[in-house]
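Structural description and commentary
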Amino acid sequence: MTRQAVSTVVLVLVVIVVFWGMRAGWQARTRRSSTLVSTLPGAPAELGAERLGPVDATYVSTTRAGDWLDRVTAEGLGVRSPAQISVFDAGVRITRQGASDLFVPAAAVRAATGAPGMAGKVVGGEGLVVLTWQADADDPRGLDTGLRPKHAADRERLIDALTTLTRGPAPAQEENS
């Protein structure tokens with residue numbers, strides 16, 4: 001065997017070990033984060049009035065609230081994907097391509113703010129919309145879900161619509177006759 005062949009075999013083995021380690025780390029993180037999110041809430045049959053949507057965005061990731069690097073991977077929450085976000089009286093529906101959809105009930109929404117980044121995406125400024133919510137009553141800390149609207153003008157509209165969920169149902173619109 002030539003020196004070049006040995007080097008190639010060693011390099012291939014190193015790459016295999018690195019990928020195996022990455023996969024093992026992801027699986028360990030998923031096991032740890034499954035205590036935070038045992039199951040995701042399902043969307044009710046009746047969502048109520050649509051407050052905003054759908055807004056094209058990128059679902060960035062979900063992390064522990066207040067720790068933008070502590071990614072939660074249980075229930076597919078660690079998978080970055082194109083998404084559409086719709087805000088209804090009943091909650092927030094995040095329809096993701098290539099990953100399971102996510103529904104956050106209005107009662108679980110704690111806050112919505114802008115942020116410069118989180119695990120999986122750093123954009124600077126306040127380019128991400130961060131939805132803080134509580135998946136499990138036993139976890140008072142909660143979760144942060146990062147969303148990057150496709151159009152900058154949608155960022156403030158999305159934050160405003162999400163913030164209305166923290167205040168209860170939208171006021172009834174009066175009709176002028």
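As the structure is a computational prediction, the values presented were derived from the model and not from experiment. (Residues numbered from 1 in each chain as written. Predicted model: local features only at pLDDT ≥ 70, side-chain atom pairs only at ≥ 80, totals over all residues. Heavy atoms only, no water.)

Time to look at the side chain of S86. Mapped onto the fold, S86 is located in strand 2 (residues 81-88). Residue classification places S86 among the buried residues on the basis of a relative accessible area of 5%. (Helix = DSSP H or I, 4+ residues; strand = E, 2+ residues; numbered from the N terminus. Buried < 20%, exposed > 50% of the residue type's maximum accessible area, 1.4 Å probe, protein only.)

Within the secondary structure, T145 sits in strand 9 (residues 143-149). A relative accessible area of 0% means that T145 is categorised as buried. Those residues in contact with T145 that sit more than four places away from it in its chain are Y59, S61, T62, I94, L102, M118, V129, V130, L131 and W133. (Contact = heavy atoms within 4.5 Å.)

Across the sheet, 7 strands lie side by side as 4-3-2-1-9-8-5; this open sheet has antiparallel pairing. Looking at the sheet topology across the chains shown, the edges are occupied by strand 4 (102-105) and strand 5 (109-115). Sheet twist, expressed as the average angle between the axes of neighbouring strands with direction ignored, equals 30°. Note that strand 3 (residues 91-96) and strand 4 share 4 bridges and pair antiparallel. The partner of V92 across the bridge, within strand 4, is V104. Along the sheet face, helix 2 (residues 153-165) touches strand 1 (50-64), strand 2, strand 3, strand 5, strand 8 (128-133) and strand 9 and points at about 160° away from the line of strand 5. (Pairing = 2+ DSSP bridges. Axes fitted to C-alpha atoms, helices over the stretch in contact; angles between N-to-C directions.)

Formed by 29 residues in total, the largest nonpolar core has its most connected members in V92, I94, V104, L158 and L162. Those elements giving two or more residues to this core turn out to be strand 1, strand 2, strand 3, strand 4, strand 5, strand 8, strand 9 and helix 2. Per element, the largest residue contribution to this core is 5 residues, and it comes from helix 2. With residues near it in sequence (within four places) discarded, L162 still touches V87, V92, V109, A112, V129 and L131. (Core = buried A, V, L, I, M, F, W, Y, C linked by side-chain atoms within 4.5 Å.)

Quick look at the packing of aromatic side chains now. Applying the stated rule across the entire model yields 0 aromatic pairs. Its end group placed over the ring of Y59, R96 keeps NZ or CZ at 4.3 Å from the ring centre. (Phe/Tyr/Trp six-rings, centres within 6.5 Å; stacked < 30°, edge-to-face > 60°. Lys NZ or Arg CZ within 6 Å of the ring centre and 35° of its normal.)

As a further point, take the environment of D89. Mapping D89 onto the fold places it in the loop between strand 2 and strand 3. For D89 and S100, which are 11 residues apart along the polypeptide, the C-alpha to C-alpha distance reads 22 Å.

Overall, the predicted model of the protein chain reaches an average pLDDT of 86, with 94% of residues at or above 70. Confidence, expressed as mean pLDDT per element, reaches its minimum in the protein chain at strand 7 (residues 121-122) with 83 and its maximum at strand 2 with 96. (pLDDT = per-residue confidence, 0-100.)

For the rest of this paragraph, the subject is the pattern of salt bridges. Evaluated as defined, the whole model comprises 3 salt bridges. Here R157 makes a salt bridge to D154, at a shortest N to O gap of 2.5 Å. Of this pair, R157 and D154 both sit in helix 2, 3 residues apart, which is roughly one turn of that helix. Residue R157 is classed as partly exposed on the basis of its relative accessible area, which comes to 43%. Assessed through its relative accessible area of 10%, D154 is described here as buried. With its nearest N and O atoms 2.8 Å apart, the salt bridge here joins R155 to E156. A residue is classified by how much of its surface remains accessible, and E156, at 40% relative accessible area, is partly exposed. (Salt bridge = Lys/Arg side-chain N within 4 Å of Asp/Glu carboxyl O.)

Once that is clear, we can look at helix 2. Think of an α-helix as turning once every 3.6 residues; residues three or four places apart then point the same way. Among all positions in helix 2, only D154, R155, L158, I159, A161, L162 and L165 are buried. Along helix 2, the residues classed as buried sweep out an arc of 170° about the axis, all on the same side. Residues of helix 2 that are buried make contact with strand 1, strand 2, strand 3, strand 5, strand 8 and strand 9. (Arc of directions from axis to C-beta.)

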